[in-house]
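If you want the building blocks of each chain, they are given just below.
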Amino acid sequence: MAEPYLMLARLHVRAQTTYRGSFAIELLASVGATVTGVGEMYVVFANVPALGGLTFRAALLVFALGHVSFSLADLVFGHLDTLPAYLRSGRFDAFLLRPLPVLPQLVFAELSLRRLGRTAAGTVLAAAVLARIGIRWTPADVGLLVVTVLCGAAIFAALFTTAAAVQFWLVDGAEATASFVYGGQYASQFPAGIYPAPLRTLFTFVVPSAFVAYLPAATLLRLPTPGVPLWIGWCTPLAAAGAWTVALLGWRSGLRHYAGTGS
């Protein structure tokens, strides 16, 4: 059953790496988002010794974990924000005619390998910070780190899917839904303690961005988190499961609502 999707993935890899010079330039360009984010963090911490209870290194770890998680989700699911174009042009109807689940077809319809540059840059940054931050590693800490990255990517993938599902009703509402996805991505790279209570609640229990990096990093570094227990960093898999439950229910409802373009 997975063979058609693997074939599509191989075709995308071959098509995007045929011109290696161009592909290398795109990879380097995608690193710019990481460099810009680190520069922004440096400017902030040049004026304050700590932010939301985090030092510069701890905040860089939060930034790196959120950056890697988002880039992995963006690599596979990021193009779902083009669903309105499929709906308006009638091309989406072709996915309904094939004897395969619609969502995996749409996911594998396009893969942007140039986004791997951001993943690599974020991984290097996270490794550099972890090497200098002084953690006494245990098997549980290593497991928490792996689970954080994988489940953080799953959370963002669910947000992309939820935003796409809403397009079945809005059609031209990509900008509105993208504000939650990309706003959640931006929020995940900073400590949740810097936000007022309403926004902290929004980015913890509605759009679970705090579970992507901040709460697991606080658990990993044994730092207190305002209003929640220290072990809550282990709840990222639960947040990912909840986000995907909402995403799949919304996607199913959207497919049932879709009546086609008549083309």
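Below you will find a few notes about this structure. For clarity, every value in this text was computed on a predicted model and none was experimentally measured. (Residues numbered from 1 in each chain as written. Predicted model: local features only at pLDDT ≥ 70, side-chain atom pairs only at ≥ 80, totals over all residues. Heavy atoms only, no water.)

Another aspect to go through is the overall build of the protein. Looking only at helices and strands, one finds 13 helices and 0 strands in the protein. Taken from the N to the C terminus, the helices and strands of the protein come in the order α-α-α-α-α-α-α-α-α-α-α-α-α. Taking 18 Å as the expected radius of gyration for a compact globule of 263 residues, we find that the protein reaches 19 Å, a close match to that expectation. Referenced to the eigenvectors of the C-alpha coordinate spread, the extents of the protein come out at roughly 60 × 45 × 35 Å. Here the protein holds 263 residues, and 46% of them are scored as buried. Residue pairs in contact within the protein that sit at least 24 positions apart in sequence constitute 75% of those at least 6 positions apart. When the accessible surface of the protein is totalled, it reaches about 13,000 Å², and 70% of it is carbon and sulfur. Measuring between centres, the 16 positive side-chain charges of the protein sit 8 Å from its 10 negative side-chain charges. (Helix = DSSP H or I, 4+ residues; strand = E, 2+ residues; numbered from the N terminus. Rg over C-alpha atoms; globule rule 2.2 N^0.38 Å. Buried < 20%, exposed > 50% of the residue type's maximum accessible area, 1.4 Å probe, protein only. Contact = heavy atoms within 4.5 Å. Areas by Shrake-Rupley, 256 points an atom, 1.4 Å probe, with all protein chains shown as cover. Lys, Arg positive; Asp, Glu negative; His and termini not counted. Charge placed at Lys NZ, Arg CZ, Asp CG, Glu CD.)

This next bit is on unusual backbone geometry. Here R222, not a glycine, exhibits a phi torsion of approximately 60 degrees, which is positive. Structurally, R222 is set in the loop between α12 (214-221) and α13 (236-257).

Attention now goes to the packing of helix α9 (residues 139-170) against α12. At a closest axis distance of 10 Å, the pairing of α9 and α12 adopts a crossing angle of 170 degrees. Between α9 and α12, the angle is such that the two are roughly antiparallel. Of α12, the residues touching α9 (which contributes D141, L144, L145 and T148) are P216, T219 and L220. Across the contact of α9 with α12, the residue classes tally to 4 nonpolar, 2 polar and 1 charged. (Axes fitted to C-alpha atoms, helices over the stretch in contact; angles between N-to-C directions. Parallel < 35°, antiparallel > 145°, perpendicular 65-115°, else oblique. Nonpolar A, V, L, I, M, F, W, Y, C, P; charged D, E, K, R; others polar.)

Time to look at the nonpolar core. Core analysis: the biggest nonpolar cluster contains 66 residues, and L61, L80, L83, F92 and W251 have the highest contact counts within it. Here the element with the most residues in this core is α9; it accounts for 13 residues. (Core = buried A, V, L, I, M, F, W, Y, C linked by side-chain atoms within 4.5 Å.)

Quick look at the state of the cysteines now. Per the stated rule, a full pass over the model turns up 0 disulfides. Here C235 is not cross-linked by a disulfide; its sulfur's nearest cysteine counterpart is in C151, at 11 Å. A relative accessible area of 16% means that C235 is categorised as buried. (Disulfide = S-S within 2.5 Å.)

A surface patch of nonpolar side chains, about 380 Å² in accessible area, is lined by W137, V142, V146 and L150. Mapped onto the elements, W137 comes out in the loop between α8 (116-132) and α9. (Patch = residues over 30% accessible without salt bridge, like charges linked within 9 Å, V, L, I, M, F, W, Y side chains within 5 Å. Salt bridge = Lys/Arg side-chain N within 4 Å of Asp/Glu carboxyl O.)

Attention now moves to the pattern of salt bridges. Scanning the entire structure with this criterion turns up 2 salt bridges. Notably, a salt bridge pairs D74 with R118, separated by 3.9 Å at the nearest N-O pair. One end of the pair, D74, is in helix α4 (residues 56-77); the other, R118, is in helix α8, with 44 residues separating them in the sequence. Like R118, D74 is buried.

Coordinates in, geometry out; function isn't part of it.
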